[in-house]
Amino acid sequence: MRLASLKSTVPRDLLASVVVFLVALPLCMGIAIASGMPPAKGLITGIVGGLVVGWLAGSPLQVSGPAAGLAVLVFELVREHGMAMLGPILVLAGLLQLCAGRLRLGCWFRVTAPAVVYGMLAGIGALIVMSQVHVMFDARPQASGLENLLAFPETLINALAQVGPGGGLAAAALGLGTIACMWGWERWRPQSLRFLPGALIGVGLATLASLALALDVQRVSVPATLGEAIDWLRPADLLGLADPQILLAALVVAFVASAETLLSAAAVDRMHGGPRSDLDRELSAQGVGNLLCGVLGALPMTGVIVRSSANVQAGARTRLSAVLHGGWLLAFVALLPMVLQSIPVAALAGVLVFTGCKLVDAKAMRNLSRYGRAPLLIYSATALGIVALDLLSGVLIGFALTLAKLAWKASRLKIALVQGAPGEAELRLAGAATFLRVPQLARVLEGVAPGTRLQVPLANLSYIDHACMELLEDWGRAAQRQGGALQIEPRALNRRLEGRLLSLRGRAV
């Protein structure tokens, strides 16, 4: 029986691994360039993500590798601390992920508000577009999003000033052609060729056109052997972890990579009917992968939704497809480096521009709008903060607004004093009675006439804290001395909860 199962799954996994390899090849190199790193660094991360993390992963059909969501962060880290410090940062980030997985903290990384996550992805997508538009013109991107935006007219003028079969305009044409191919293939690809990725077709056609026309454009720089691309971690570099900024950078990398991985794993689970993801095991596997990438001097990795969805759609059944895709990457880089060296950098930039636009998800904005204006405000503030400041500041702005929204919601309390028969009244409370509403509640109680018998039902309260309860009890003792009384009805709340539980049990039966 087991042999029959293998015969049915192995061919599917083999085909899916080839599809994922074709999707991953241009993305690994493009994300490395967007991160300010050599393209070979992205390929190393893709190989580790397949051969190592694919085997250890808790989400069998998820594919790991370099992610566009971390490109902006890596670019900032390399610019501020140098490429040599990326290794120690990834080693520490990997250890943090590994410990979090072993401590079974995987589910807590999904507590992040969706508005913050979508806003973070939108901000990252905007930054990728702003930087890679310059790369499409064979120009060097600036350090920040605003600087890239302001410098674009100069990049365009310089490209227009160049004459000949090369330069900025020729590179831009290749990049735009790549984007057009990806967009057109996504809309009109034949059903029989659905397994071919648009990125590969766009990059392949751009490469052939550049060679046929002998265009003088920048091309991918890949070493003759993969070993030359490995920068082993030196023990002396670990001393840099004493710098508080490096420690903070490692924490941010661990958090962003973990959040993106686990959100991707949840999305992959919705695409298939196979085994569900073990989030803690997945987090531990990502930690091992980032630890190895730090030792090898490569890019950080996450679970990535584009390659994972391609894996599921291609018919993958087990983790073998993710492992084999890493093997195909290794074989291609080792045996055919000259093919990679002919790819125009502008074509890979076009892939990243298209990917960055997809990160600004209009559908996510529409979904958030169903829950009111606050999620849209958090989404917009997070994205704008990332573009105008930096990734960490934008995410912190999103968290701060989320906490402010929760505090405001928690402090909402409707108070109504309803007069009944002479000498009787009812204090109706609805919402959350917290210490923030003590002044308002005290003013209402001061308006109750002396000698009144006051009833306070708690059925409509979601929460009442010690400060409000103590205020009611103090008022009751004072009213009793004046001939009045206070009657709190907690049983009403208990009966309501019991009714809900019985209703739920009846539905379950």
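Residues numbered from 1 in each chain as written. Predicted model: local features only at pLDDT ≥ 70, side-chain atom pairs only at ≥ 80, totals over all residues. Heavy atoms only, no water.

The name recorded for the protein chain in an unreviewed UniProt entry is Sulfate transporter, from Pseudomonas tohonis. Per UniProt, the comment on the protein chain under Subcellular location (unreviewed entry) is "Membrane". (UniProt positions renumbered as here; feature names shortened; annotations may be inferred.)

Chemist: Even after reading the chapter, I still don't get the nonpolar core, so can you show me in this structure?
Modeler: Nonpolar side chains in soluble globular proteins generally cluster together in the buried interior. Of all hydrophobic cores here, the largest spans 97 residues; its most connected members are Leu25, Met29, Leu43, Met120, Leu340 and Leu391. The contacts of Leu340, once residues within four sequence positions are left out, are Leu25, Met29, Leu43, Val220, Val222, Phe332 and Val333. Grouped together as the second largest cluster of nonpolar side chains are 17 residues, Leu413, Leu427, Leu445 and Leu472 included. (Core = buried A, V, L, I, M, F, W, Y, C linked by side-chain atoms within 4.5 Å. Buried < 20%, exposed > 50% of the residue type's maximum accessible area, 1.4 Å probe, protein only. Contact = heavy atoms within 4.5 Å.)

Chemist: Is there a simple way to think about the pairing of strand β4 (residues 424–433) in this case?
Modeler: Strand residues, when the strand is regular, have side chains that alternate between the two faces of the sheet. As judged from the 7 bridges shared by strand β3 (residues 413–419) and β4, these two strands associate in the antiparallel manner. In the sheet register, Lys414 faces β4, and the bridge partner there is Ala430. The antiparallel hairpin formed by β3 and β4 contains 4 residues in its connecting segment, where Gly423 sits at a positive phi of about 85°. With 3 bridges connecting them, β4 and strand β5 (residues 453–457) associate as parallel partners. Each residue of the ladder has a partner; that of Ala425, found in β5, is Leu454. Pairing of β4 with strand β6 (residues 461–464), which is carried by 3 bridges, proceeds in the parallel orientation. Pairing of Ala432 across the sheet is with Tyr463, part of β6. (Pairing = 2+ DSSP bridges. Helix = DSSP H or I, 4+ residues; strand = E, 2+ residues; numbered from the N terminus.)

Chemist: What is the right way to read the packing of aromatic side chains from this model?
Modeler: Each pair of aromatic rings is reported with the distance of its centres and the angle of its planes. Counted by the stated rule, this structure contains 4 aromatic pairs. Measuring from ring centre to ring centre gives 5.8 Å for Phe21 and Phe332, while their planes differ by 55°; the resulting arrangement is tilted. Residue Phe21 is located in helix α1 (residues 2–34), and its partner Phe332 is located in helix α12 (residues 320–335); the two are separated by 311 residues in the primary sequence. The exposure class of Phe332 is buried, given its relative accessible area of 18%. Centroid distance Trp183 to Trp188: 5.5 Å. Interplanar angle 85°. Geometry classified as edge-to-face. (Phe/Tyr/Trp six-rings, centres within 6.5 Å; stacked < 30°, edge-to-face > 60°.)

Chemist: Teacher, can you tell me more about the side chain of Thr178 here?
Modeler: Mapped onto the elements, Thr178 comes out in helix α7 (residues 167–188). Judged by relative accessible area, which is 0%, Thr178 ranks as buried. At 2.9 Å, the side chain of Thr178 forms a polar contact with the backbone oxygen of Leu174. Those residues in contact with Thr178, other than ones at most four positions away along the chain, are Gly202, Val203, Ala206, Ala347 and Val351. (Polar contact = N/O pair within 3.5 Å; in protein donor to acceptor, adjacent residues only side chain to side chain.)

Chemist: When you look at unusual backbone geometry in this model, what are you seeing that I'm missing?
Modeler: Only a minority of non-glycine residues have a phi that is not negative, and only a minority of peptide bonds are not trans. A positive phi is found at Asp138, a non-glycine position, where the angle reads about 60°. For Asp138, the position within the fold is in the loop between α5 (114–136) and α6 (145–161).

Chemist: How should I be thinking about the domain arrangement of the protein chain in this particular structure?
Modeler: Often, the extent of an interface is quoted as the loss of accessible area on bringing the components together. Partitioning the protein chain into domains gives domain 1 (11–360) and domain 2 (412–488). Here the C-alpha centre of domain 2 lies 59 Å away from the C-alpha centre of domain 1. (Domains from an automatic or database assignment.)

Chemist: What should I look at first to understand the side chain of Lys41 in this one?
Modeler: Tracing the chain through its elements places Lys41 in helix α2 (residues 39–56). The buried category is assigned to Lys41, whose relative accessible area is 3%. Residues contacting Lys41, with those up to four places away along its chain left out, are Met83, Ala229, Asp231, Gly297, Ala298 and Leu299.

Chemist: Looking at this structure, I do not really get the environment of Trp108. What am I missing?
Modeler: Residue placement: Trp108 occurs in the loop between α4 (86–102) and α5. Overall, the relative accessible area of 59% leaves Trp108 in the exposed class. Between the C-alpha atoms of Trp108 and Arg189, which are 81 residues apart in sequence, the distance is 40 Å.

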